[in-house]
Amino acid sequence: MIVLPRIDKHSAIEILNTHLALDLSEIGGRMPDTSPVLTYTPVGGLRIDHQRLLDLRKRVVELACQHGMPDRLSNLSVFEGQLARLLHELLPMSPNEASHEEVWSYVTCCWLLDVAAWRFGRDADKRRFIGDVNRNTFRRLWWRAEILGPDVDLTLLGEDELVNITERPTIAGDRRLARTVALDFIARVDRGEADSRMLLMRDAMKRLLRLTPFVAFGALRDHEVHELVEDCFNSAAAALSGAPADAGGRHRSPTDPESSYATSALPSVSPDVVAIPRMAMSDDAPPGSPPTGMVTPDFERVAQTALGIARRVGRVTNTNLREIVPITSGEARDVLQTLVSEGLLSRRGVRRGTYYVLAEPTDRVETSWPPQTPLEATELSDMDASAPTSESALRGLLRRGG
């Protein structure tokens with residue numbers, strides 16, 4: 001492993017202020033710039049020698065000239081894909097060394113400033129020239145090659161697609177996951193399954209990111225990671241085309257007994273865990289007559305869930321109620337407001353800061369859920385206390401409010 005010289009941010013900005021006012025040919029004539037004071041990390045490898053830096057500049061400039069420098073760039077994805085591999089090959093440093101801004105400020109401002117200015121323009125954001133983590137011209141390319149490895153052809157991926165993989169820490173931090181995403185996406189493009197590449201990648205990554213708080217990808221086997229990624233892409237493709245999620249037989253439902261994803265990637269429910277059944281609610285249908293194919297709304301269960309959250313964590317919000325029960329924001333608001341009107345919850349905060357806590361004992365009208373109307377209380381006095389009611393009180397309240 002090698003270590004490179006470093007220059008501080010102030011020195012890098014001084015070089016930029018001096019050189020970027022010149023033409024590209026003049027900037028190139030001043031490379032390398034040996035004027036700034038250099039520092040090195042005290043440990044970590046051998047210091048790179050001057051001849052190796054000269055070879056780096058020579059080969060990078062040759063590649064840029066092959067793609068149009070100093071005129072217009074001919075093929076962005078091919079140029080940057082090839083340059084990423086070249087940088088990774090010629091700068092064999094540790095990830096720790098490559099994570100320092102001062103290293104890339106030196107490489108860019110002292111050796112390859114003309115190439116960076118040609119790629120992004122001399123009036124580009126200064127972060128393209130100093131060593132910014134996601135914006136520096138060369139740092140972002142080196143890391144793409146490092147994260148995705150030699151098996152992924154970087155020339156087949158566009159800028160937006162690469163950003164969706166390498167600039168999302170929860171994805172890029174797991175190289176196996178990042179490489180699986182890239183390879184699956186490239187295969188789909190080759191098969192002609194991506195009508196809109198950018199939209200497919202963005203939608204699939206959103207679905208994958210929603211799994212990261214709940215799925216320990218590092219604990220999964222290779223085929224299980226592949227199945228999860230494939231499932232996200234299948235669902236994204238179906239959503240974009242307006243087809244059912246299992247269109248073409250490619251989408252595997254997590255509840256499908258034939259799917260190894262269902263039996264391997266997801267563990268069985270532990271004995272002490274209570275599974276919450278999935279519910280569906282609709283604003284459009286009148287109470288008591290849900291649309292065909294929808295589950296009958298269970299308002300009482302939603303109310304019990306809201307009260308349970310408040311008891312366990314001290315508060316409940318519209319958002320965390322919807323994370324547990326798949327209902328709309330309006331439906332969650334109706335449930336929470338009804339619980340407030342019944343004296344079981346108290347509202348705190350305003351607007352986006354609104355949350356609900358259990359009402360103080362002195363303020364509560366009822367101490368149990370669902371609350372009983374006088375008529376219900378009379379009827380229940382002659383009935384077995386364990387017999388279920390035919391309709392929850394909360395549903396009745398919401399029906400009367402509608």
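Residues numbered from 1 in each chain as written. Predicted model: local features only at pLDDT ≥ 70, side-chain atom pairs only at ≥ 80, totals over all residues. Heavy atoms only, no water.

## Description of the overall build of the chain
Inference 1: When helices and strands are tallied, the chain shows 19 helices and four strands.
Inference 2: The long-range fraction of contacts in the chain, counting pairs at least 24 apart against all pairs at least 6 apart in sequence, stands at 64%.
Inference 3: Here the chain displays about 21700 Å² of accessible surface, and carbon together with sulfur accounts for 51% of that area. (Helix = DSSP H or I, 4+ residues; strand = E, 2+ residues; numbered from the N terminus. Contact = heavy atoms within 4.5 Å. Areas by Shrake-Rupley, 256 points an atom, 1.4 Å probe, with all protein chains shown as cover.)

## Examining the environment of glycine 349
Inference 1: Among the secondary structure elements, glycine 349 is positioned in the loop between strand 3 (345-348) and strand 4 (355-358).
Inference 2: Excluding anything up to four places from it in sequence, glycine 349 contacts Thr354 and Tyr355.

## A few points about the packing of helix 11 (residues 175-190) against helix 13 (residues 222-241)
Inference 1: Remark: helix 11 packs on helix 13, axes separated minimally by 10 Å, with the N-to-C direction vectors making an angle of 50°. The angle between helix 11 and helix 13 falls in the class oblique. Crossing of helix 11 against helix 13: the hand is right-handed. Touching Arg176, Leu177, Thr180, Val181, Asp184, Phe185 and Arg188 of helix 11 are Asp222, Val225, His226, Val229, Glu230, Phe233 and Asn234, all from helix 13.
Inference 2: Grouping the amino acids of the contact of helix 11 with helix 13 by side-chain chemistry returns six nonpolar, three polar and five charged. (Axes fitted to C-alpha atoms, helices over the stretch in contact; angles between N-to-C directions. Parallel < 35°, antiparallel > 145°, perpendicular 65-115°, else oblique. Left-handed = near helix turned anticlockwise from the far one by under 90°. Nonpolar A, V, L, I, M, F, W, Y, C, P; charged D, E, K, R; others polar.)

## Remarks on the packing of aromatic side chains
Inference 1: Applying the stated rule across the entire model yields four aromatic pairs.
Inference 2: Ring centres 6.4 Å apart and planes at 55° place the aromatic pair tryptophan 104 and tryptophan 142 in the tilted group. Note that tryptophan 104 is positioned in helix 6 (residues 101-110) and tryptophan 142 in helix 8 (residues 139-148), a separation of 38 residues in sequence.
Inference 3: Owing to a relative accessible area of 0%, tryptophan 142 belongs among the buried residues under this scheme.
Inference 4: Ring geometry for tryptophan 142 versus tryptophan 143: centroids 5.2 Å apart, planes at 80°, classification edge-to-face.
Inference 5: Lying over the aromatic face of tyrosine 40, arginine 47 brings its terminal NZ or CZ to 4.0 Å of the ring centre. (Phe/Tyr/Trp six-rings, centres within 6.5 Å; stacked < 30°, edge-to-face > 60°. Buried < 20%, exposed > 50% of the residue type's maximum accessible area, 1.4 Å probe, protein only. Lys NZ or Arg CZ within 6 Å of the ring centre and 35° of its normal.)

## Here we look at the pattern of salt bridges
Inference 1: For the structure on display, the rule yields 21 salt bridges.
Inference 2: When the shortest N-O distance is used, the salt bridge between glutamate 89 and arginine 59 registers 3.8 Å. Highlighted residues: glutamate 89 in helix 4 (residues 76-90) and arginine 59 in helix 3 (residues 50-66), separated in sequence by 30 residues.
Inference 3: Its relative accessible area of 31% is what places arginine 59 among the partly exposed residues.
Inference 4: A salt bridge links arginine 135 to glutamate 167, with the nearest nitrogen and oxygen atoms 3.5 Å apart. One end of the pair, arginine 135, is in the loop between helix 7 (113-120) and helix 8; the other, glutamate 167, is in the loop between helix 9 (159-166) and helix 10 (169-172), with 32 residues separating them in the sequence.
Inference 5: One network of salt bridges, with partners in common, ties together Glu80, Arg119, Arg140, Arg144 and Glu159. (Salt bridge = Lys/Arg side-chain N within 4 Å of Asp/Glu carboxyl O.)

## Digging into the side chain of glutamate 146
Inference 1: Inspection of the secondary structure puts glutamate 146 in helix 8.
Inference 2: On the accessibility criterion, glutamate 146 (13% relative accessible area) is buried.
Inference 3: Within the local environment of glutamate 146, its side chain forms a polar contact with the side chain of histidine 88, the two groups lying 2.5 Å apart.
Inference 4: Contacts of glutamate 146, omitting those with residues within four sequence positions, involve His88, Pro95, Arg175 and Arg179. (Polar contact = N/O pair within 3.5 Å; in protein donor to acceptor, adjacent residues only side chain to side chain.)

## Considerations on the nonpolar core
Most often, soluble globular proteins have nonpolar side chains that are buried together.
Inference 1: Core analysis: the biggest nonpolar cluster contains 80 residues, and Leu83, Leu87, Leu91, Met93, Leu148 and Val181 have the highest contact counts within it.
Inference 2: The element best represented in this core is helix 13, accounting for seven residues.
Inference 3: With near-sequence residues (within four places) excluded, leucine 87 lies in contact with Leu56, Val60, Phe138, Leu141 and Trp142. (Core = buried A, V, L, I, M, F, W, Y, C linked by side-chain atoms within 4.5 Å.)

## Concerning the confidence of the model for the chain
Inference 1: Looking at the chain, the pLDDT average stands at 81 and 76% of residues meet or exceed 70.
Inference 2: When the elements of the chain are averaged for pLDDT, helix 14 (residues 260-265) gives the smallest value, 41, and helix 6 the largest, 97.
Inference 3: Low pLDDT (under 50) marks residues 363-369, which in the prediction has 19 contacts with non-local residues, meaning those over four places away or in another chain. (pLDDT = per-residue confidence, 0-100.)

## Remarks on the state of the cysteines
Inference 1: Overall, the coordinates contain zero disulfides when judged by the stated rule.
Inference 2: Here cysteine 110 stays unpaired: no disulfide links it, and the sulfur of cysteine 109, its closest cysteine neighbor, is 6.3 Å away. (Disulfide = S-S within 2.5 Å.)

## With respect to a nonpolar patch on the surface
Inference 1: Side chains of Met198, Leu199 and Leu240 sit close together on the surface and give an oily, nonpolar patch of about 260 Å² of accessible area.
Inference 2: With respect to the element layout, leucine 240 can be found in helix 13.
Inference 3: The partly exposed category is assigned to leucine 240, whose relative accessible area is 44%. (Patch = residues over 30% accessible without salt bridge, like charges linked within 9 Å, V, L, I, M, F, W, Y side chains within 5 Å.)

## A word on the packing of helix 11 against helix 12 (residues 197-211)
Inference 1: It is at 12 Å that the axes of helix 11 and helix 12 come closest, and there the two elements cross at 145°. When the axes of helix 11 and helix 12 are compared, the crossing they make is right-handed. Facing Leu177, Val181, Phe185, Arg188 and Val189 of helix 11, the residues of helix 12 in contact are Arg197, Leu200, Met201, Met205 and Leu208.
Inference 2: Each residue belonging to the contact of helix 11 with helix 12 can be placed in one class, and the counts come to eight nonpolar, no polar and two charged.

## Notes on the pairing of strand 4
Inference 1: Looking at chain direction, strand 3 and strand 4 are connected through four bridges and run antiparallel. When the sheet's bridge partners are listed, arginine 348 is paired in strand 4 with tyrosine 355.
Inference 2: Here strand 3 folds back onto strand 4 in antiparallel fashion, the turn holding six residues, of which glycine 349 has a positive phi close to 75°. (Pairing = 2+ DSSP bridges.)

## Re helix 4
Inference 1: In this model, helix 4 (15 residues) spans 21 Å end to end at C-alpha, consistent with the 21 Å of a helix rising 1.5 Å per residue.
Inference 2: Buried within helix 4 are the following residues: Phe79, Glu80, Gly81, Leu83, Ala84, Leu86, Leu87 and Leu90. (Expected span 1.5 Å × (residues − 1).)

## As for helix 13
Structurally, the α-helix is built with 3.6 residues per turn, so residues lying three or four positions apart point the same way.
Inference 1: Between the first and last C-alpha of helix 13 there are 29 Å, a value that for 20 residues agrees with the 28 Å anticipated at 1.5 Å per step.
Inference 2: Glycine 242 lies just past helix 13 and shows a positive phi near 80°.

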